[in-house]
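# Chains, contacts and geometry: an overview
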Amino acid sequence: IVEEEERKFKEEQEREEAERQRKRDLRKAKIDKQKAEGTFQTKADKRAAQHAKMLREQFGFAMPEDGEEEEKKEEQPKKKGSMVVPTKKKSQQQRQKPKEEEAAPKEEAKAEE
């Protein structure tokens, strides 16, 4: 009686393990296929992509689809935007020179009166 129960228990364990292995193989085949197509993403990748999509929508950055992108380029010529050009800071002496030049004409105007 004990031997029969042990045999049944082993058979059940083997069946469960075979089922788990079959599921693992199917999952691995699916992942390999996606990797070959270049579409495989881990859970973290999917979350990051979803988060980035949400932020783009929230802040109004719409990503055009493949066909729409070419149409929009044809419709709108490239706009010239103002660019901020970094400049060197003026030294204190350079800042004082224009002030002195402004003060000199004022003094001349007072002298003429």
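The structure displayed is predicted, hence computed values, not measured ones.

The rules behind the values
- Residues numbered from 1 in each chain as written.
- Predicted model: local features only at pLDDT ≥ 70, side-chain atom pairs only at ≥ 80, totals over all residues.
- Heavy atoms only, no water.
- Helix = DSSP H or I, 4+ residues; strand = E, 2+ residues; numbered from the N terminus.
- Buried < 20%, exposed > 50% of the residue type's maximum accessible area, 1.4 Å probe, protein only.
- Phe/Tyr/Trp six-rings, centres within 6.5 Å; stacked < 30°, edge-to-face > 60°.
- Lys NZ or Arg CZ within 6 Å of the ring centre and 35° of its normal.
- Expected span 1.5 Å × (residues − 1).
- Patch = residues over 30% accessible without salt bridge, like charges linked within 9 Å, V, L, I, M, F, W, Y side chains within 5 Å.
- Areas by Shrake-Rupley, 256 points an atom, 1.4 Å probe, with all protein chains shown as cover.
- Salt bridge = Lys/Arg side-chain N within 4 Å of Asp/Glu carboxyl O.
- Lys, Arg positive; Asp, Glu negative; His and termini not counted.
- Charge placed at Lys NZ, Arg CZ, Asp CG, Glu CD.

### Focus: the overall build of the protein
Within the protein, the regular secondary structure consists of 4 helices and 0 strands. When the helices and strands of the protein are placed in sequence order, the string is α-α-α-α. Classification of the 113 residues of the protein by burial places 1% in the buried group.

### Describing the packing of aromatic side chains
Inspection of the entire model under this criterion finds 0 aromatic pairs. Here the guanidinium or amino end of Lys35 rests over the ring plane of Phe40, the centre of that ring lying 5.3 Å away.

### As for helix H1 (residues 2–37)
One turn of an α-helix holds 3.6 residues; hence residues three or four places apart share an orientation. Counted at 1.5 Å a residue, the expected span for H1 with its 36 residues is 52 Å, and the 53 Å between its end C-alpha atoms agrees. Gly38 occupies a position one or two residues after H1 and carries a positive phi of about 85 degrees.

### Topic: a positive patch on the surface
Residues Arg27, Lys30, Lys43, Lys46 and Arg47 make up a contiguous surface patch of positive charge. Elements represented by at least two residues in the positive patch include exactly H1 and helix H2 (43–58). Tracing the chain through its elements places Arg47 in helix H2.

### Thoughts on the pattern of salt bridges
Counted under the stated rule, the structure contains 7 salt bridges. The closest approach of N and O atoms between Arg22 and Glu19, which form a salt bridge, is 2.7 Å. Linking Arg22 with Glu19, this pair stays in helix H1, spanning 3 residues, or about one helical turn. Relative accessible area serves as the criterion here: at 34%, Glu19 is assigned to the partly exposed category. Asp32 is paired through a salt bridge with Lys28; the nearest N and O atoms lie 3.7 Å apart. Placement of the pair is Asp32 and Lys28 together in helix H1, with a separation of 4 residues, close to one helical turn. Classification of Lys28 by relative accessible area gives exposed; the value is 52%. Linked by salt bridges that have partners in common, Glu16, Glu17, Arg20 and Arg24 make up one network.

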